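Topology and contacts: notes
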Amino acid sequence: MSKLFSFSGTDDFCPGGSMYPNPKESSLFLSLGRHVDVYFPSRKRSRISAPFVFSGERFELKKPSIEVLPDECLFEIFRRLPCGQERSSCACVSKRWLTIVSNIRSDEISDSKTTQALDLNYESTDKKGGDVSEVEDEDVAGGYLSRSLEGKKATDVRLAAIAVGTAGRGGLGKLFIRGSNSSRGVTTVGLRAISRGCPSLRVLSLWNLATVGDDSLCEIAEGCHQLQKLDLCHCPAITNESLLALAKGCPDLTDLTIEGCANIGNEGIQAIARCCPNLKSVSIKDCALLGDQGIASLLTSTSYSLSKLKLQALNITDVSLAVIGHYGKAVTDLSLTSLPNVTEKGFWVMGNGHGLQKLKSFTVKACCGVTDLGLEAIGKGCPNLKQFCLRKCAFLSDNGLVSFAKAAGSLESLELEECHWVTQFGFFGSLINCGAKFKSISLVNCLGIKDLNVGLPPLPPCESLRSLSIRNCRGFGDASLAALGKLCPQLQNVELSGLHGITDVGFFPLLESCEAGLVKVNLSGCPNLGNKVVCKMADLHGWTLEMLNLDGCKISDAGLVAIAENCQLLSDLDVSKCTITDSGIAALARSNLINLQILSVSGCNLVSDKSLPSLGKLGQTLLGLNLQQCKAISSGAVDLLVEQLWRCDILF
């Protein structure tokens, strides 16, 4: 025994030779200390190599590692962990472990009974004393969490981490992926992890993902049966096969948006319409393979559920519009944009189909088929229409607009943009012929709107109109503005933007005729309006005015003084590119009435560092301050303001 403890390694352990003829049996020695070895014969063949091996005349230590286990063994271990937090911790060890954990389906996670049967007894319980695995299943069913990946962050590894990390924290409910990493983009591997780890997913949005194809969406369809909203935008590799799988696997789908998917056509839309009876909203844009067959099946299969329909840049014809007019019994919101193959006949048939009885909002953009005849038919066939928007309808004239206004008795809002055939006659004619519910009208860039040389006959007032917006209509001038003042005495919100033809003289009648009191006024881009209008407005409507935009008007300190003395409810003031000075800002600060929350003096070169105390005083109530392009204000003054007005967002 003394030789055993005094063995130095240079002599034989036994004088008579080696203790074992086979050198590999040296692995039967287990180290207990620095100079002590004990012989311990194993009773069972080891499945993992010994912690050290004998090489020549030396013992070489070998680090034991769980990495020698195959993926199947690690999978069995991870799925028996008692709670999601422990699985998440394991997933942080390496990408290999993350991949394995992320591929465990929720139904493959062992419950407490299975764990006990395998002698993996865990006493982890939730705060209420229940089993953790049961609580986790309830959380996964919730789907409370939202995650978003954009650009370079959109990778398979991050998707796997999301799948694992959200499993035990309420479950993933919404996933948005915008763009993809060019070198390591989102593929089937990442979406497979979402499919297996996030059965509670209800909203999925995929944008600009060239690497995502049918296999990826088939994985989603297989694992995310609770999916309700799907958004596919510019995913060129997705075909009808994906929609067929989603139709079968996700019957609860209610919202579908498809844009720029060139390989999706009639077959995929027909499958969705056939298998998803709860479909409520559909938006399809720029899908060249989709035609009348797909739209027809969509409307006929969802006649009593589909409420929102948006079609843009499609090769459909009048047939689709006829089907919409006959089968769109539940449609409340309809939008038709850039449909080159639709003619006047299609709109006329749609209006006379008597199926759009519930339609409330209708938008038509860049459709050459919109004419006076079709517009009148729509007014008669949609008795509950409240909001109507026409943009870039080149063949619509005054007669069609007036006829529509007479027929649409429930109309509340009308918007016309780039409808150049509409003149003052159509504009005023629609105002006096709309029903008692009409509240808002907007004209944008309509070149046919010009002041008339002849005076308008006496017109009955439009008592219901509350909001008027006229933007960038070059011919609109003082005569039209004065007529509007007499015609609309109950105006509260006025937007006259980009109108070079209106002056103080033309604006006075409108200010004097408004009986209810103006609340929101936007006069941006009207260079011929000055202090007289502001003083008059502050005097007559200061007690109701809440928002005032004078960007680009000829306003000086006198206008600010009038505002400070009369507008006690004003919370939003924009005097950008005006000739105000430090004195005007000081007048605002001295006022005890005004409590501004938003102030913009962008481009006011006469406002300098001297306004710093006044701006600091105004900052007691300010939430937003715009000092951009104020060349006389130094960066040091801005730094002081940022430090002083810590609650206020300052743009400089």
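The rules behind the values
Residues numbered from 1 in each chain as written. Predicted model: local features only at pLDDT ≥ 70, side-chain atom pairs only at ≥ 80, totals over all residues. Heavy atoms only, no water. Helix = DSSP H or I, 4+ residues; strand = E, 2+ residues; numbered from the N terminus. Contact = heavy atoms within 4.5 Å. Areas by Shrake-Rupley, 256 points an atom, 1.4 Å probe, with all protein chains shown as cover. Buried < 20%, exposed > 50% of the residue type's maximum accessible area, 1.4 Å probe, protein only. Pairing = 2+ DSSP bridges. Right-handed = clockwise from strand over helix to strand, strands pointing away. Core = buried A, V, L, I, M, F, W, Y, C linked by side-chain atoms within 4.5 Å. Polar contact = N/O pair within 3.5 Å; in protein donor to acceptor, adjacent residues only side chain to side chain. Phe/Tyr/Trp six-rings, centres within 6.5 Å; stacked < 30°, edge-to-face > 60°. Lys NZ or Arg CZ within 6 Å of the ring centre and 35° of its normal. Salt bridge = Lys/Arg side-chain N within 4 Å of Asp/Glu carboxyl O. Axes fitted to C-alpha atoms, helices over the stretch in contact; angles between N-to-C directions. Parallel < 35°, antiparallel > 145°, perpendicular 65-115°, else oblique. Nonpolar A, V, L, I, M, F, W, Y, C, P; charged D, E, K, R; others polar. pLDDT = per-residue confidence, 0-100.

Summing up its helical and strand segments, the chain has 24 helices and 24 strands in all. Long-range contacts, defined as pairs at least 24 residues apart, comprise 79% of the intrachain contacts of the chain with a sequence gap of at least 6. When the accessible area of the chain is evaluated, it comes to approximately 31700 Å², of which 52% is carbon and sulfur surface.

Another point: the pairing of strand 12 (residues 333–337). Of all the five residues making up strand 12, four are buried; the element is thus mostly covered by neighbouring parts of the structure. Two elements, strand 11 (residues 308–312) and strand 12, share five bridges in a ladder whose sense is parallel. By the bridge assignment for strand 12, leucine 311 is matched with leucine 336. In terms of handedness, the path from strand 11 via helix 13 (residues 318–327) over to strand 12 forms a crossover that is right-handed. In terms of strand pairing, strand 12 meets strand 13 (residues 361–365) through five bridges, oriented parallel. Counterpart to threonine 337 in the pairing with strand 13 is lysine 365.

This part covers the nonpolar core. Here is a general trend for soluble globular proteins: nonpolar side chains tend to be buried in one another's company. In terms of nonpolar packing, the biggest core is built from 165 residues, with Phe347, Phe362, Phe427 and Ile563 touching the most fellow members. Here this core gets five residues from one element, more than from any other, and that element is helix 7 (residues 156–165). The residues touching phenylalanine 347, leaving out its near neighbours within four places in the chain, are Leu321, Leu336, Val342, Phe362, Val364, Cys367, Gly369, Val370, Gly374 and Ile378. Grouped together as the second largest cluster of nonpolar side chains are seven residues, Leu74, Cys90, Trp97 and Ile104 included.

This part is about the side chain of threonine 371. Tracing the backbone through its elements, the reader meets threonine 371 in the loop between strand 13 and helix 15 (372–381). A distance of 2.5 Å separates polar atoms of two side chains, one belonging to threonine 371 and the other to glutamate 344. In contact with threonine 371, other than residues within four places in its own chain, are Glu344 and Phe395.

Turning next to the packing of aromatic side chains. In total, this model carries four aromatic pairs according to the counting rule given. Clustering of aromatic rings is evident, with ring pairs tying together Phe362, Phe388 and Phe404. Residue placement shows arginine 178 over the ring face of tryptophan 207; its charged tip is 4.2 Å from the ring centre. Above the plane of the ring of phenylalanine 508 lies lysine 536, whose end atom (NZ or CZ) is 5.9 Å from the centre.

Looking at the secondary structure, you find isoleucine 650 in strand 24 (residues 649–651). Along the chain, isoleucine 650 and leucine 625 lie 25 residues apart, while their C-alpha atoms are 4.8 Å from each other. Once you skip the residues sitting within four places of it in the chain, isoleucine 650 turns out to touch Leu625, Leu627, Leu641, Val642 and Leu645.

The pairing of strand 13 with strand 14 (residues 387–391) spans five bridges and is parallel. Within the sheet, the bridge partner assigned to valine 364 lies in strand 14 and is leucine 390. Crossover strand 14 to strand 15 (residues 413–417) through helix 16 (residues 398–407) is right-handed.

All right, on to the pattern of salt bridges then. Using the criterion set out here, one finds eight salt bridges in the structure. Across the salt bridge formed by glutamate 412 and lysine 386, the nearest N and O atoms sit 3.8 Å from each other. Within this pair, whereas glutamate 412 is found in the loop between helix 16 and strand 15, its partner lysine 386 is found in the loop between helix 15 and strand 14, the two being separated by 26 residues in sequence. According to the relative accessible area criterion, glutamate 412 is partly exposed, its value standing at 24%. Exposure remark for lysine 386: the relative accessible area of 26% places this residue in the partly exposed category. A salt bridge links aspartate 551 to lysine 577, with the nearest nitrogen and oxygen atoms 2.9 Å apart. Remark: lysine 577 occurs in the loop between strand 21 (572–574) and helix 22 (582–590) and aspartate 551 occurs in the loop between strand 20 (547–549) and helix 21 (557–566); sequence separation between them is 26 residues. With relative accessibility at 52%, the residue lysine 577 sits in the exposed group. Salt bridges sharing partners connect three or more residues here, namely Arg391, Glu415 and Glu417.

Any two packed helices are characterised by the angle at which their axes cross and by the distance between the axes. Orientation of helix 13 relative to helix 14 (residues 344–351), taken along the N-to-C sense of each, is 10°, at an axis distance of 7 Å. It follows from the interaxial angle that helix 13 and helix 14 lie roughly parallel. Residues Asp318, Leu321, Ala322, Ile324 and Gly325 of helix 13 pack against Lys345, Gly346, Phe347, Val349 and Met350 of helix 14. Classifying every residue of the contact of helix 13 with helix 14 gives six nonpolar, two polar and two charged.

Predicted confidence across the chain gives a mean pLDDT of 84, with 81% of residues reaching 70 or more. Taken as a whole, residues 1–21 scores under 50 in pLDDT and shows 11 contacts with residues more than four places along the chain or in a different chain. Here residues 23–50 is a poorly scored stretch, pLDDT under 50, and it has 30 contacts once near neighbours within four places are set aside; other chains count.

Even without glycine at this site, aspartate 286 takes up a positive phi of about 55°. The residue aspartate 286 is located in the loop between strand 10 (281–285) and helix 12 (292–301) in this model. Owing to a relative accessible area of 41%, aspartate 286 belongs among the partly exposed residues under this scheme. For asparagine 472, which is not glycine, the phi torsion reads 55° and is therefore positive. Within the secondary structure, asparagine 472 is located in the loop between strand 17 (467–471) and helix 18 (478–487).

On to the environment of threonine 254. With respect to the element layout, threonine 254 can be found in the loop between helix 10 (240–249) and strand 9 (255–259). As a C-alpha pair, threonine 254 and leucine 279 span 25 residues in sequence and 4.0 Å in three-dimensional space. Filtering out sequence-adjacent residues up to four positions away, threonine 254 remains in contact with Gln228, Lys229, Asn278, Leu279, Lys280 and Ser281.

On to helix 19 (residues 504–513). Of the residues making up helix 19, those classed as buried are Asp504, Gly506, Phe507, Leu510, Leu511 and Ser513. Close packing links the buried residues of helix 19 with helix 18, strand 18 (493–497) and helix 20 (531–541).

The subject of this paragraph is the packing of helix 17 (residues 424–433) against helix 18. Direction vectors running N to C along helix 17 and helix 18 enclose 10°, while the axes themselves pass 12 Å from each other. Looking at the two axes, helix 17 sits roughly parallel to helix 18. Judged by residue contacts, Gln424, Phe427, Phe428, Leu431 and Ile432 of helix 17 engage Ser480, Ala483, Leu484 and Leu487 from helix 18. When grouped by side-chain class, the residues that make up the contact of helix 17 with helix 18 number seven nonpolar, two polar and no charged.

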